Structures are given as structure tokens and as C-alpha cells.
Amino acid sequence: MRVELYGCCDFLSIIVCEGQTKEIRCESASKIRVLWANYGRLHRKTCPHSSIKTIDCRASTSLNNVRNICQDKTACTLRSNSGSFGGDPCGGTYKYLLVGYKCEN
């Protein structure tokens, strides 16, 4: 992802490889604002795996689903699996969840 698209360096990102769970947490009274999200695969080097059929894979529900889980909360838990995103957007490809967010007061 290109940082320039979001006004330079004022956001955080997290990668959750398929089958894993990670937490986003903001300090004190800050709330999470989800800027972008993709469940699928856009690069070979992210979460390397032997099963990669495509690197152009995006679940259309990614942003809405992550916002439903995390938006305006101080912490949330992200699960990277097809069941969380309405099915498998690219069968036979090992996927990951990539999320860009900010912690705002």
C-alpha cells in the first residue's frame, strides 16, 4: 500500500495471516477509525505460502466487516478467515487481512 494515498505517515496498519487472530488497541480514550481493509491477497511476499494462485484477490465485504468490528472502539479482535468475510474470494490462495487505521480522540 502506498502511504501517499492517505496523506503520509499518520496511520497504522496490521496484517493478519489466514487462520490467525490479532488485536488492534488504541491508548486511553482514543477510538479506532478504520481507513481501509482487504481480506484476500495483493502481494506474494505478505504472509508467504506455497498455495498462491492469484495476487489480485479482494473480498468486497472487507471494509464494511472490519468497520463493524472495530470502528469507534478502543480495541477489537480481527480474525482472518473466509467465514468472517462472506466466503472465499479466491479459492486455492492463502489469504491475509490487511487493515489501515488511526487512533483518534
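Model, not experiment: these values are computed from the prediction.

Scoring rules and cut-offs
Residues numbered from 1 in each chain as written. Predicted model: local features only at pLDDT ≥ 70, side-chain atom pairs only at ≥ 80, totals over all residues. Heavy atoms only, no water. Helix = DSSP H or I, 4+ residues; strand = E, 2+ residues; numbered from the N terminus. Rg over C-alpha atoms; globule rule 2.2 N^0.38 Å. Buried < 20%, exposed > 50% of the residue type's maximum accessible area, 1.4 Å probe, protein only. Contact = heavy atoms within 4.5 Å. Areas by Shrake-Rupley, 256 points an atom, 1.4 Å probe, with all protein chains shown as cover. Lys, Arg positive; Asp, Glu negative; His and termini not counted. Charge placed at Lys NZ, Arg CZ, Asp CG, Glu CD. UniProt positions renumbered as here; feature names shortened; annotations may be inferred.

### Here's the deal with the overall build of the protein chain
Line of reasoning, step 1. Across its full length, the protein chain carries one helix and six strands.
Line of reasoning, step 2. In the protein chain, the succession of α and β elements from N to C terminus is β-β-β-β-α-β-β.
Line of reasoning, step 3. The C-alpha atoms of the protein chain give a radius of gyration of 14 Å, which matches the 13 Å a tight globule of 105 residues would have.
Line of reasoning, step 4. Its C-alpha atoms give the protein chain principal-axis dimensions of roughly 40 × 30 × 20 Å.
Line of reasoning, step 5. By the burial criterion, 40% of the 105 residues in the protein chain qualify as buried.
Line of reasoning, step 6. Counting only contacts in the protein chain whose residues sit at least 6 apart along the sequence, the fraction spanning at least 24 positions is 75%.
Line of reasoning, step 7. A total of about 6,000 Å² of accessible surface is found on the protein chain, and carbon and sulfur atoms cover 47% of it.
Line of reasoning, step 8. A distance of 5 Å separates the average location of the 15 positive side-chain charges in the protein chain from that of its 9 negative side-chain charges.

### Here's the deal with the UniProt feature "domain: SUEL-type lectin" (unreviewed entry) in the protein chain
Line of reasoning, step 1. On the UniProt side, "domain: SUEL-type lectin" (unreviewed entry) is annotated at positions that read residues 16–104 here.
Line of reasoning, step 2. Along residues 16–104 the backbone is 10% helical and 38% strand, and the end-to-end C-alpha distance reaches 22 Å.

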